[in-house]
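Fold and geometry: a report
The residues making up each chain are set out below.
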Amino acid sequence: MTITAFTGPSPTTARPGRLPGKALFGLFLAGFISILTECLPAGLLPEMSRTLNTGVSVTGQTVTIYALATALGAIPLAWATASWPRKHVLQLALVVVALTNAFTALSENYTLTMVLRFVAGLGTGLIWPLLGGYAARLAPEGRQGRAIAIALAGTPIGLALGIPLGTWLSSLGGWQLAFYASAAVTVMTMAWVLVAVPNLPGQPVDARFRISQVLVVPGLRPILFALATYMIAHNLLYTYITDLLLHLGMADQTGWVLFAFGVTSVLSVLVVGTHIDRHLRKLAVSSTLLFGASVLVLGMVADAPVLVYIAVAAWGFAFGSSPSLFVGATINAAGEAANVAQSITITVFSASIATGGFIGGLLLAGLGTASITWAALILLIVAAVTVIGGKKHAFPRNG
């Protein structure tokens, strides 16, 4: 199987020295709504469980199945739609996300909800592999990196701000209101994309790379392994954050804790975006170590809300820039095959979300809430060793 590779900026859309801000904002919104839709149940699990007549760990699989669908769909859907006009693909995906969010709000049946979440995940499977290449083709020569960073920033900001907002909305009108609001934001995103984002043609067939060739690019497999362990650790904790805070005696402060995570995640995007081109390795190592330290604190604290806030804030700062760091490392390692490598990265990213949610549910049901913290710490130690050891190709010293 092969999928389209990025072949450079479009001369019809790029203007020297100036980023197409309105168009990039449309791509940012698409990324924002994708990650918001994926992880929205994380802050709503107790309320959704009551409506669907299931346990919290079972309801948490609504995150898992969404991510699984994205992981399964990212590469084949990118391949199948490679020759389609880019905006047509993006709008189709957004229609799927909008409709499934609205119908999820209406559903009171667990099986139907899982089916809707799977279909929504397929929609996201169309969006994420598209964003980086689309942004680069819209950008003027020499500014593609910053354009990609803007387009991908919707992912951490969606986690940072969207989910706490969804939790707040659920407190006003039930968890269904959060899904209705998500559907409404998706429709508004479609309108913005329609007006502000140029429609670019699909890539020619002769510009394609084989996935088997890309997977043996030096450094790519360590990057993917580090990404997997990092993201599984994150989702072990984030999917079941409400249970973790209940375990720590802070269930009534979930919204504020998520807000602290969100603020530092946004700050991380701003800080790292300034330095990523020159110091990617240092930032990747620092992100992994800081995340591990924050999880260690969460595993050891008891009756210490201040320390929980500090640990979660550090976690948010470490995680907020992680998509840009891993995608940046992927682009550097893959070179001309960067677009294919990004699709593989999205598959690993989404599969890790699914795996984290699934394993977290098993740990929660079998060993209790505390076990997810220690499992996450073990994974982060493995991730840190991989990042630190990738000195030659994955996370080179000159990066």
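Residues numbered from 1 in each chain as written. Predicted model: local features only at pLDDT ≥ 70, side-chain atom pairs only at ≥ 80, totals over all residues. Heavy atoms only, no water.

On to the overall build of the protein chain, then. Broken down by element type, the protein chain carries 17 helices and two strands. Since a compact globule built from 399 residues should have a radius of gyration of about 21 Å, the 20 Å found for the protein chain is in line with a globular shape. Projected onto its principal axes, the C-alpha coordinates of the protein chain cover approximately 55 × 45 × 35 Å. By residue count, 59% of the 399 residues in the protein chain fall in the buried class. When the accessible surface of the protein chain is summed, it comes to about 15,600 Å², and 69% of that surface belongs to carbon and sulfur atoms. Across the protein chain, the 19 positively charged side chains and the 10 negatively charged ones have centroids separated by 15 Å. (Helix = DSSP H or I, 4+ residues; strand = E, 2+ residues; numbered from the N terminus. Rg over C-alpha atoms; globule rule 2.2 N^0.38 Å. Buried < 20%, exposed > 50% of the residue type's maximum accessible area, 1.4 Å probe, protein only. Areas by Shrake-Rupley, 256 points an atom, 1.4 Å probe, with all protein chains shown as cover. Lys, Arg positive; Asp, Glu negative; His and termini not counted. Charge placed at Lys NZ, Arg CZ, Asp CG, Glu CD.)

Secondary-structure assignment places R137 in helix α6 (residues 110–138). Judged by relative accessible area, which is 9%, R137 ranks as buried.

Before going further, it helps to examine the packing of helix α2 (residues 45–52) against helix α9 (residues 175–196). Where α2 contacts α9, the two axes come as close as 9 Å, and the packing angle between them is 105°. By the angle between their directions, the pair α2 and α9 is classed as roughly perpendicular. Here α2 contributes E47, M48 and T51 to the contact with α9, which in turn contributes W175, Q176 and F179. The class makeup of the residues in the contact of α2 with α9 is three nonpolar, two polar and one charged. (Axes fitted to C-alpha atoms, helices over the stretch in contact; angles between N-to-C directions. Parallel < 35°, antiparallel > 145°, perpendicular 65-115°, else oblique. Contact = heavy atoms within 4.5 Å. Nonpolar A, V, L, I, M, F, W, Y, C, P; charged D, E, K, R; others polar.)

Moving on: the nonpolar core. The biggest cluster of nonpolar side chains holds 118 residues, and the ones touching the most others in it are L27, L90, I127, Y230, W315 and F395. Looking at which element gives the most residues to this core, the answer is helix α11 (residues 220–238), with 13 residues. If we ignore the near neighbours within four places in the chain, the residues touching L90 are L27, A30, I127, L130, Y134 and V193. (Core = buried A, V, L, I, M, F, W, Y, C linked by side-chain atoms within 4.5 Å.)

Our next topic: the side chain of S34. Tracing the sequence through the fold places S34 in helix α1 (residues 21–39). The class of S34 is buried, set by a relative accessible area of 0%. If sequence neighbours within four positions are ignored, S34 has contacts with Y66, T124, I127 and W128.

Glancing now at α6. Taking 1.5 Å of rise per residue, 29 residues should cover 42 Å, and α6 covers 41 Å from first to last C-alpha, within 8% of that figure. L131 marks the point of greatest bend in α6, at about 40°. Here α6 starts with a cap whose side-chain oxygen sits 3.0 Å from the backbone nitrogen of T111, and that cap is N109. (Expected span 1.5 Å × (residues − 1). Bend = angle between axes of the 7 residues up to and from the residue. Polar contact = N/O pair within 3.5 Å; in protein donor to acceptor, adjacent residues only side chain to side chain.)

This prediction gives the protein chain a mean pLDDT of 83; 91% of its residues lie at or above 70. Scored below 50 in pLDDT, residues 1–15 makes 53 contacts in the model with residues more than four places away or belonging to other chains. (pLDDT = per-residue confidence, 0-100.)

Take a nonpolar patch on the surface next. A cluster of nonpolar side chains, V95, L99, F103, L106, L165, W168, L172, L177 and Y180, forms an exposed patch at the surface whose accessible area comes to about 880 Å². Elements that contribute at least two residues to the nonpolar patch include exactly α5 (86–106), α8 (154–173) and α9. In terms of residue count, α5 provides more of the nonpolar patch than any other element does, four residues in total. Looking at where L106 falls in the secondary structure, it is placed in helix α5. (Patch = residues over 30% accessible without salt bridge, like charges linked within 9 Å, V, L, I, M, F, W, Y side chains within 5 Å. Salt bridge = Lys/Arg side-chain N within 4 Å of Asp/Glu carboxyl O.)

The phi dihedral of N53 is positive, around 60°, even though this residue is not glycine. Mapped onto the elements, N53 comes out in the loop between α2 and α3 (56–59). Exposure remark for N53: the relative accessible area of 69% places this residue in the exposed category.

It is worth spelling out the packing of aromatic side chains at this point. By the definition in use, this model includes 15 aromatic pairs. When the centroid spacing of 6.4 Å and the interplanar angle of 20° are considered together, the rings of Y230 and F319 count as stacked. Residue Y230 is found in helix α11, and its partner F319 is found in helix α14 (residues 305–320); the two are separated by 89 residues along the sequence. The pair Y230 / F319 is uniform in exposure class, with both members buried. Seen from their ring centres, Y238 and F261 are 5.0 Å apart, and the 45° between their planes marks the pair as tilted. With Y238 in helix α11 and F261 in helix α13 (residues 254–300), this pair connects stretches of sequence that are 23 residues apart. (Phe/Tyr/Trp six-rings, centres within 6.5 Å; stacked < 30°, edge-to-face > 60°.)

Close contact between helix α4 (residues 61–80) and α6 brings their axes to 6 Å; oriented N to C, the two are set at 40°. By the angle between their directions, the pair α4 and α6 is classed as oblique. Of the two elements, α4 crosses α6, and the hand of that crossing is right-handed. A per-class count over the contact of α4 with α6 returns 16 nonpolar, eight polar and one charged. (Left-handed = near helix turned anticlockwise from the far one by under 90°.)

Moving on to α2. Regarding α2, the residues found buried are L45, M48, S49 and L52. The arc that holds the buried residues of α2, viewed along the axis, is 105°, so those residues lie on one side. On the buried face of α2, the contacting elements are α3, α4, α6 and α9. Positive backbone phi, at 60°, marks N53, one or two positions downstream of α2. (Arc of directions from axis to C-beta.)

A few words on the environment of W256. As for its placement among the helices and strands, W256 is situated in helix α13. On the basis of relative accessible area, W256 is assigned to the exposed category, the value being 58%.

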